[in-house]
2 protein chains.
Amino acid sequence: MRLHIKKTALRTVELVPKLHGFLMSQLPTAYVEQLHELDTNPYALYVTTKGDYHVWTVHLLTQEAIEVIAPVLDSLFSIRLDSYDEPLVIDRKEVCQRTVEELLDLFRTQKTDGTFKLRFVTPTSFKVQGEYILFPSVHLIMQSLMQKYHRLIDHGEPLDYQLLDMIEQNSKIVSYDLKTWYFTVHRHKIPAFHGEVTLKVYGSETLKAYVNMLLHFGEYSGVGIKNSLGMGGLVLDKG
Amino acid sequence: MRLHIKKTALRTVELVPKLHGFLMSQLPTAYVEQLHELDTNPYALYVTTKGDYHVWTVHLLTQEAIEVIAPVLDSLFSIRLDSYDEPLVIDRKEVCQRTVEELLDLFRTQKTDGTFKLRFVTPTSFKVQGEYILFPSVHLIMQSLMQKYHRLIDHGEPLDYQLLDMIEQNSKIVSYDLKTWYFTVHRHKIPAFHGEVTLKVYGSETLKAYVNMLLHFGEYSGVGIKNSLGMGGLVLDKG
């Protein structure tokens, strides 16, 4: 779901935590507590800027998240924040639904030549053994997406490391245009990057189709860390 | 040595191999044969563009290279290429000499806060186990410079891997702005990148001073592969 909010004096980096806090405050307390106990949030959100609008993108990834969060967003016409005087005016909403079946259909039917253009539209970062990783790799991107997919869609099926290995051995980042972009969360600066990466998958059609499906899923789930706080927004460019 | 050549219709990528070929043709055959047997060339060159000029930068890294190659460059006023009709007009030359003692002086005396801004001004790439590496790392950059330094200045002293480890453990790429830039050599496209990297060295003053010296050396030697064919041009920005 995309909410087009009339532009305010707030910068994106200030707006994201406020909108996240607002959204949480509108949800039933019991559900928020339940969210805190999950390894992977069933929602992802980020904010970008387009013309005179802040565009607030919220992805709801499970049936339950849709049932609880969608009505709250549906009923919003303006947002009153505790920490900002003026109300935020929502001008327009876009809703796009995609079912797991549609994703699987992608896997089964969509032809792909194995070249994928990934745009990281918000600061993106990975954490490995407590360290933030500032450069993407096939391993980090695909592991993150497989993890989210398995946790949210496959109900906690363990990650298939053999498959991940196979993707790694048959894929390559062939070009990129990336920049660091530190992201502030609770006054803590997280090292991150944004920009474009072109990924090429060699090997079997099935492997390409699987990567294709995972990347389309990634447009909803986000990639890397803190997708519920505006990080890791992924857009797939049509090659 | 920098030669400012009046701009021609040739693109930089076309000009570099021609200038390299021309230079080799002007050197004594025996010396060229000797060069072919070295692991690391005692010269590095690249071409950039500035206003109405192709700027051909040639770095001579050993006493012998200076004695053989410098007089050839000194005596040039125009260049006739076999494969280009018009002569290249050299408008101006800049010569800057730096001795090993001056480099060591840097090591002994220059204060540094440990933050280094590296600009890769021409396509830069590393090769590890036959594979081109498209993202830089502290390990790759410093290993490359240490190798060149040891081969050219320390007369083949073996590389001190313990020191390299120590640099790696105490340094980090803290920000970057990089893009891929494929470089054509003999019709073969080499995956490479260019752009900026900020490196932060923590740890002792001695370590910082050593990295400082190596990076200054790198401005002359180039970094990564094929520095004699225009790749790996490094400029250190004053922080």
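Residues numbered from 1 in each chain as written. Chains lettered and ligands numbered in written order. Predicted model: local features only at pLDDT ≥ 70, side-chain atom pairs only at ≥ 80, totals over all residues. Heavy atoms only, no water.

Novice: It is not clear to me how the overall build of chain A should be interpreted in this structure. Could you clarify?
Specialist: If you tally the helices and strands in chain A, you get 7 helices and 13 strands. A compact globule built from 239 residues would reach a C-alpha radius of gyration of about 18 Å, and chain A, at 18 Å, matches this within 12%. Considered along the principal axes of its C-alpha atoms, chain A spans approximately 55 × 35 × 35 Å. Expressed as a percentage of the 239 residues in chain A, the buried residues total 51%. Considering only residue pairs separated by 6 or more positions, chain A has 70% of its internal contacts joining residues 24 or more positions apart. The positive charge centre, built from 25 side chains, and the negative charge centre, built from 28, are 7 Å apart in chain A. (Helix = DSSP H or I, 4+ residues; strand = E, 2+ residues; numbered from the N terminus. Rg over C-alpha atoms; globule rule 2.2 N^0.38 Å. Buried < 20%, exposed > 50% of the residue type's maximum accessible area, 1.4 Å probe, protein only. Contact = heavy atoms within 4.5 Å. Lys, Arg positive; Asp, Glu negative; His and termini not counted. Charge placed at Lys NZ, Arg CZ, Asp CG, Glu CD.)

Novice: Looking at this structure, how should I read the interface of chain A and chain B?
Specialist: Often the size quoted for an interface is simply the accessible area lost on bringing the parts together. Across the contact, 15 residues belong to chain A and 15 residues belong to chain B. At the boundary of chain A with chain B, the tally comes to 4 salt bridges. For Glu131(A), the salt bridge identified is with Lys172(B), shortest N-O distance 3.9 Å. At the surface where chain A touches chain B, the tally comes to 7 residue pairs in polar contact (both at pLDDT 80 or more). Counting residues per element, the side of chain A that touches chain B draws most heavily on strand S9 (residues 171-180) of chain A, at 9 residues. Relative to strand S9 (residues 171-180) of chain B, S9(A) runs antiparallel, the two being bridged by 3 bridges. Following the sheet pairing, Asp177(A) is matched in S9(B) by Lys179(B). (Salt bridge = Lys/Arg side-chain N within 4 Å of Asp/Glu carboxyl O. Polar contact = N/O pair within 3.5 Å; in protein donor to acceptor, adjacent residues only side chain to side chain. Pairing = 2+ DSSP bridges.)

Novice: Honestly, the packing of helix H6 (residues 161-169) of chain A against helix H7 (residues 205-221) of chain A in this entry has me stumped. Any pointers?
Specialist: Two packed helices can be described by the angle between their axes and the distance between those axes. Residue and element names in this part refer to chain A. At a minimum axis distance of 11 Å, the contact between H6 and H7 shows a crossing angle of 100°. Taken together, the axis directions place H6 and H7 in an arrangement best described as roughly perpendicular. Packed against H6, whose contacting residues are Leu163, Met166 and Ile167, the element H7 presents Leu207, Tyr210 and Val211 at the interface. Its residues placed into classes, the contact of H6 with H7 shows 6 nonpolar, no polar and no charged. (Axes fitted to C-alpha atoms, helices over the stretch in contact; angles between N-to-C directions. Parallel < 35°, antiparallel > 145°, perpendicular 65-115°, else oblique. Nonpolar A, V, L, I, M, F, W, Y, C, P; charged D, E, K, R; others polar.)

Novice: What is the right way to read the environment of Leu103(A) from this model?
Specialist: Residues and elements named next belong to chain A. Structurally, leucine 103 is set in helix H4 (residues 100-109). Classification of leucine 103 by relative accessible area gives buried; the value is 6%. Sequence-wise, leucine 103 and proline 28 are 75 residues apart; in three dimensions their C-alpha atoms are separated by 30 Å.

Novice: What is the right way to look at the relation of the copies chain A and chain B in this model?
Specialist: Between the two chain copies there is a screw-like relation: a rotation about an axis and a shift along it. Between the two copies, chain A and chain B, the superposition gives an RMSD of 0.0 Å; the rotation angle is 180° and the shift along the axis is 0.0 Å. Classification of the inter-copy transformation places it as that of a two-fold axis. By C-alpha distance to the rotation axis, the residue of chain A lying nearest is Leu178(A), at 2.8 Å. Looking at the interface residues of chain A, 100% of them are also at the interface in chain B, so both copies use one shared face. (Least-squares fit on C-alpha atoms with pLDDT ≥ 70 in both.)

Novice: Before we go on, may I ask you to explain the environment of Leu152(A) in this structure?
Specialist: All names here are of chain A. By secondary structure assignment, the location of leucine 152 is in helix H5 (residues 138-152). Its relative accessible area of 9% is what places leucine 152 among the buried residues. For the pair leucine 152 and aspartate 85, spaced 67 residues apart in sequence, the C-alpha to C-alpha distance is 37 Å.

Novice: Please explain the sheet that holds strand S4 (residues 78-79) of chain B as it appears in this structure.
Specialist: Strand pairs in the sheet, formed through backbone hydrogen bonds, run parallel or antiparallel to each other. All names here are of chain B. Reading across from one edge, S2-S3-S1-S5-S4 is the order of the 5 strands in this open sheet, with antiparallel pairing throughout. Each edge of the open sheet is held by one strand with a lone partner, namely strand S2 (43-50) and S4. Where S4 meets strand S5 (residues 88-94), 2 bridges bridge the pair, whose relative direction is antiparallel. When the sheet's bridge partners are listed, serine 78 is paired in S5 with valine 89.

Novice: Sorry, what's going on with the pairing of strand S1 (residues 2-6) of chain B here?
Specialist: In the case of a regular strand, side chains alternate between the two sheet surfaces. Residue and element names in this part refer to chain B. Where S1 meets strand S3 (residues 53-60), 5 bridges bridge the pair, whose relative direction is antiparallel. Bridged to lysine 6 within S3 is tyrosine 53. Note: S1 against S5, 4 bridges, orientation antiparallel. Paired with isoleucine 5 across the strands is isoleucine 90, a residue of S5.

Novice: Help me understand the sheet that holds strand S6 (residues 115-124) of chain B, please; the structure alone is not making it clear to me.
Specialist: If you walk across this open sheet you meet the 8 strands as S13(A)-S6(A)-S12(A)-S9(A)-S9(B)-S12(B)-S6(B)-S13(B), and the pairing is antiparallel. Each end of this open sheet is capped by a strand with a single partner; those strands are strand S13 (234-237) of chain A together with strand S13 (234-237) of chain B. Taking the axes of each pair of neighbouring strands and ignoring which way they run, one obtains an average angle of 25° across the sheet. Bridge count for S6(B) against strand S12 (residues 193-201) of chain B is 7 bridges, and the pairing is antiparallel. Counted as the bridge partner of Phe120(B) is Gly195(B) from S12(B). Strand contacts of helix H7 (residues 205-221) of chain B: S6, S12 and S13 of chain B, with the helix running at about 135° to S13(B), the strand carrying the most contacts.

Novice: When you look at the pattern of salt bridges in this model, what are you seeing that I'm missing?
Specialist: It is possible for side chains bearing opposite charge to pair when their charged atoms get close. Residues and elements named next belong to chain B. Counted according to the given criterion, the structure contains 14 salt bridges over all chains. A salt bridge links lysine 117 to glutamate 196; its shortest N-O distance comes to 3.9 Å. Taken as a pair, lysine 117 in strand S6 and glutamate 196 in strand S12 lie far apart in primary sequence, 79 residues in all. Using a relative accessible area of 31% as the deciding quantity, one classes glutamate 196 as partly exposed.

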